[in-house]
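Coordinates in review
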Amino acid sequence: MKLVLLHGRSQQDRDEVELKQEWIAALNEGLKKSKLSLDLSEEDIIFPYYGKMLMKLINDRDSFQENVVKKGSGGIDPEFAHFCADFLGTVAANAGITDQRIAELSELDVTEKGPQNWPWVLAILRAIDSESDFAQATLWAITNDVFHYLRNPVIRKNIDDFVAKSLPKEGEKCVWVGHSLGSVITYNILSKYKIKNIKEIITIGSPLGMKVIKRNLESPLLNPPCSVSGWYNAFDKKDAVSLFPLESPYFTTDPTITNYNKVLNGTSNKHGIEGYLNDKEVALRIYNAITK
């Protein structure tokens, strides 16, 4: 049995070995709460580190994208502005931040709301920073990485192909854990590549239930035809990025996905990977998927 751990956004400045060890340490901490330990060798834990590749592709995109991006007001790509307005607006709503509050904090008028007005988009970002646990830099990194992965087919294919090549050989079963953007990549890969040796999919801190994410996935939504034991999705109800459970009306598949919403993520923004993997129930689910 193999364990695949797929990281999320903005990890391009991290050391691959160090990051993998942090994931393993957090999972072991969660397992200790059930007096269990992970009986897997280093080689049995696959950690497809795509962080640096993603950032290089984003930085170099002008060299391979088919059309030169037309800039809107303020030199901002209108497509990017629309995505940011949708994504950040959803996060703000999840965090209980109203348009009126955004206007108050930014000294803008609610009538100025909209992706065409870049100052309003920035105002949403600042309001989330002020009124929630998400720092501007963290949330901006999530928004930027998710946009470029979803909307640029060259970036998406390169990342998907790289991760797919890291998977166990046919005949070797594995449990797949995807966090944040890693859960979106997980869905795309397991739907597109029709990989058959996945025993269970486990997503944590997943934004797949967001409308702005779903609009950029192939339709209709499908439960990837590779999972033997099922798909388990865990989230903290205070994590504004993954607040929507993967169930109707947010993310409907057949068979249905098992959702667990009682994670108490102890990281500063409720979205950090350590706070998910060291949750007793999440760690136990991963353990049972591997051993049973």
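So, here is what we can say about the structure in this document. (Residues numbered from 1 in each chain as written. Predicted model: local features only at pLDDT ≥ 70, side-chain atom pairs only at ≥ 80, totals over all residues. Heavy atoms only, no water.)

Focus: the environment of leucine 277
Here leucine 277 is to be found in helix 10 (residues 273-277). It is 9.8 Å that separates the C-alpha atoms of leucine 277 and valine 177, two residues lying 100 residues apart in sequence. In this structure leucine 277 touches Trp23, Ala26, Leu27, Gly30, Ile204, Ala283 and Ile286, once residues within four positions along its chain are discounted. (Helix = DSSP H or I, 4+ residues; strand = E, 2+ residues; numbered from the N terminus. Contact = heavy atoms within 4.5 Å.)

Some words on the packing of helix 5 (residues 118-131) against helix 6 (residues 136-151)
Close contact between helix 5 and helix 6 brings their axes to 9 Å; oriented N to C, the two are set at 125°. One way to sum up the angle between helix 5 and helix 6 is to call them oblique. In the crossing of helix 5 with helix 6, the sense of the turn from one axis to the other is right-handed. For the pair helix 5 and helix 6, contact is made by Trp118, Leu125, Arg126, Ile128 and Asp129 and by Gln136, Leu139 and Trp140, respectively. In terms of residue class, the contact of helix 5 with helix 6 is built from five nonpolar, one polar and two charged. (Axes fitted to C-alpha atoms, helices over the stretch in contact; angles between N-to-C directions. Parallel < 35°, antiparallel > 145°, perpendicular 65-115°, else oblique. Left-handed = near helix turned anticlockwise from the far one by under 90°. Nonpolar A, V, L, I, M, F, W, Y, C, P; charged D, E, K, R; others polar.)

Looking at helix 3 (residues 78-94)
An ideal rise of 1.5 Å per residue puts 24 Å on 17 residues; helix 3 measures up with 24 Å between its terminal C-alpha atoms. For helix 3, every residue scored as buried is listed here: Phe80, Ala81, Phe83, Cys84, Ala85, Phe87, Leu88, Thr90, Val91, Ala92 and Asn94. After helix 3 finishes, the residue glycine 96 shows a positive phi value of roughly 75°. (Expected span 1.5 Å × (residues − 1). Buried < 20%, exposed > 50% of the residue type's maximum accessible area, 1.4 Å probe, protein only.)

What about the side chain of serine 183?
Mapped onto the secondary structure, serine 183 falls in helix 8 (residues 181-192). Side-chain polar atoms of serine 183 contact the backbone oxygen of serine 180, separated by 2.6 Å. When near neighbours in sequence (up to four residues on either side) are disregarded, serine 183 contacts Gly178, Thr203, Ser206, Pro207 and Leu208. (Polar contact = N/O pair within 3.5 Å; in protein donor to acceptor, adjacent residues only side chain to side chain.)

A look at the packing of aromatic side chains
Following the criterion strictly, the structure yields 12 aromatic pairs and no others. Look at phenylalanine 80 and phenylalanine 147: their rings are 5.0 Å apart centre to centre, the planes differ by 65°, and that puts the pair in the edge-to-face class. On the criterion of sequence distance, the pair formed by phenylalanine 80 in helix 3 and phenylalanine 147 in helix 6 is long-range, its members being 67 residues apart. Take phenylalanine 80 and phenylalanine 147: they sit in the same class, and that class is buried. For the ring pair tyrosine 187 and phenylalanine 251, a centre distance of 5.6 Å and an interplane angle of 80° mean the geometry is edge-to-face. Residue tyrosine 187 is located in helix 8, and its partner phenylalanine 251 is located in the loop between strand 5 (230-234) and strand 6 (258-260); the two are separated by 64 residues in the primary sequence. The same class applies to tyrosine 187 as to phenylalanine 251, namely buried. One aromatic cluster is present, built from ring pairs that chain together Phe80, Phe83, Phe87, Trp118, Trp140 and Phe147. (Phe/Tyr/Trp six-rings, centres within 6.5 Å; stacked < 30°, edge-to-face > 60°.)

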